[in-house]
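Below, each chain spelled out in residue letters.
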Amino acid sequence: MTAEFEATLSLERFNRYLEWRSGNHALALELYALNTKLSEALYTPLQILEITLRNRIHIVLTEARHERWFEDDGFLLLDHQRDRIAEASKQLASERKDPTPGRIVAALTFSFWTAMLAGSYENLWQETLHAIARREDGKGFTRKDFSTPLSPIRTLRNRVAHHEPIVQWDLPKHYRHILQLIRWLSPAAAGWCERYSRFPEVYPNEPIVLSAS
């Protein structure tokens, strides 16, 4: 049964688990199972961060401009963002759905929203986007204060979505950063996330130690 299950996995990917467990197949499968459980446990905080970030950006830009701010000529500075808008509109049209702002916003990818915090949008951050979040003491912060921890979180989110190994990451650190960003965006959302997140109980009590590959 074990050999049959291993045969269904990508050999290249599973070999990484074997290397991390010094060739022990049983321990490698246990590590694979732990990776799966941790990916599942991170889904809730990653989902809340993505939803909260996109909605806060949309709310702030709607208040500053209008509900269809993403259609303003020259407003979106990055090609891939304009492509995502076009793709979302085309998909809604193919489904015979009215391309309302809410539907467009919901169809956009996490990379679209994290790009709104890239250096290209420093002026927009200074003028408007800084209002998306506040520290617990009510003070603001720089764009980089927010974007720096967000960048690896985006990579982590993509690895989870594509069933990649994540056990080699410092997951408790990134989990703390996820909760911190959510808390800055919405204390209420952070409270909900902390209540329902299973990550603290799924992550082992001791750090995960992997053999050198």
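One numbering rule holds for all chains: residues counted from 1, following each sequence as written. Only residues with pLDDT of at least 70 get local features here, since the model is predicted, and only at 80 or more are side-chain atom pairs given and counted; chain-wide, interface and lining totals rely on the full set of residues. To get the side-chain values, take all heavy atoms of the structure and skip hydrogens and water.

Bringing the overall build of the protein into the picture now. Elements are defined by DSSP. Helices are runs of H or I of four residues or more, strands are runs of E of two residues or more, and each kind is numbered from the N terminus. A tally of regular secondary structure across the protein gives eleven helices and zero strands. With the principal axes as the frame, the protein shows a C-alpha extent of 60 × 45 × 30 Å. Contacts are assigned to residue pairs with any non-hydrogen atoms lying within 4.5 Å of each other. Summarising the internal contacts of the protein: among those between residues at least 6 apart in sequence, 69% fall at separations of at least 24. The accessible surface values rely on the Shrake-Rupley method and a 1.4 Å probe; as for residues, cover is taken only from the protein chains in view. Counting every atom, the protein has about 11,900 Å² of accessible surface; 50% of that belongs to carbon and sulfur.

To estimate how far a helix should reach, multiply one less than its number of residues by 1.5 Å. Relative to the 22 Å expected for 16 residues at 1.5 Å per residue, helix 4 (residues 79-94) spans 23 Å between its end C-alpha atoms, a close match to the ideal helical length. Accessible area is worked out with a 1.4 Å probe on protein chains only. A residue is then buried under 20% of its type maximum, exposed over 50%, and partly exposed in between. Every buried residue of helix 4 is accounted for by Gln81, Ile85, Ala88 and Leu92. Each buried residue of helix 4 sits inside an arc of 65° when the element is viewed along its axis, so together they form one side. In this structure, helix 4 carries Asp79, Lys90, Ala93 and Ser94 as exposed residues pointing more than 90 degrees from its buried face. Among the residues trailing helix 4, Arg96 stands out with phi positive, at a value near 55°. Think of it as the arc spanned by the lines of direction from the helix axis to the C-beta atoms.

Before going further, it helps to spend a moment on the layout of surface pockets. Note on definitions: the grid is 1 Å and covers protein atoms alone; a cavity is a set of points where a 1.4 Å probe fits but cannot get out; a pocket is an open set with protein on both sides within 12 Å along at least five of seven lines; lining residues have an atom within 4 Å of a point. Grid points are joined across faces, edges and corners, and a volume is the space filled by probe spheres set on the points. Within this model, the largest pocket holds a volume of roughly 180 Å³. Tyr43, Leu46, Gln47, Glu50, Ile51, Arg54, Arg157, Val160 and Ala161 together form the lining of the largest pocket. Of all the elements in the fold, those that place two or more residues in the lining of the largest pocket are helix 3 (25-64) and helix 8 (143-161). Charged means Asp, Glu, Lys or Arg here, nonpolar means Ala, Val, Leu, Ile, Met, Phe, Trp, Tyr, Cys or Pro, and polar covers whatever is left, Gly included. Split into classes, the residues belonging to the lining of the largest pocket amount to five nonpolar, one polar and three charged.

With that out of the way, let us pick up unusual backbone geometry. We note that Arg96 has phi near 55°; this positive angle belongs to a residue other than glycine. Positive phi, normally seen in glycine, also occurs at His163, with a value near 60°. Considering the arrangement of structural elements, one finds His163 in the loop between helix 8 and helix 9 (171-185). Take His163: its relative accessible area is 64%, and that puts it in the exposed class.

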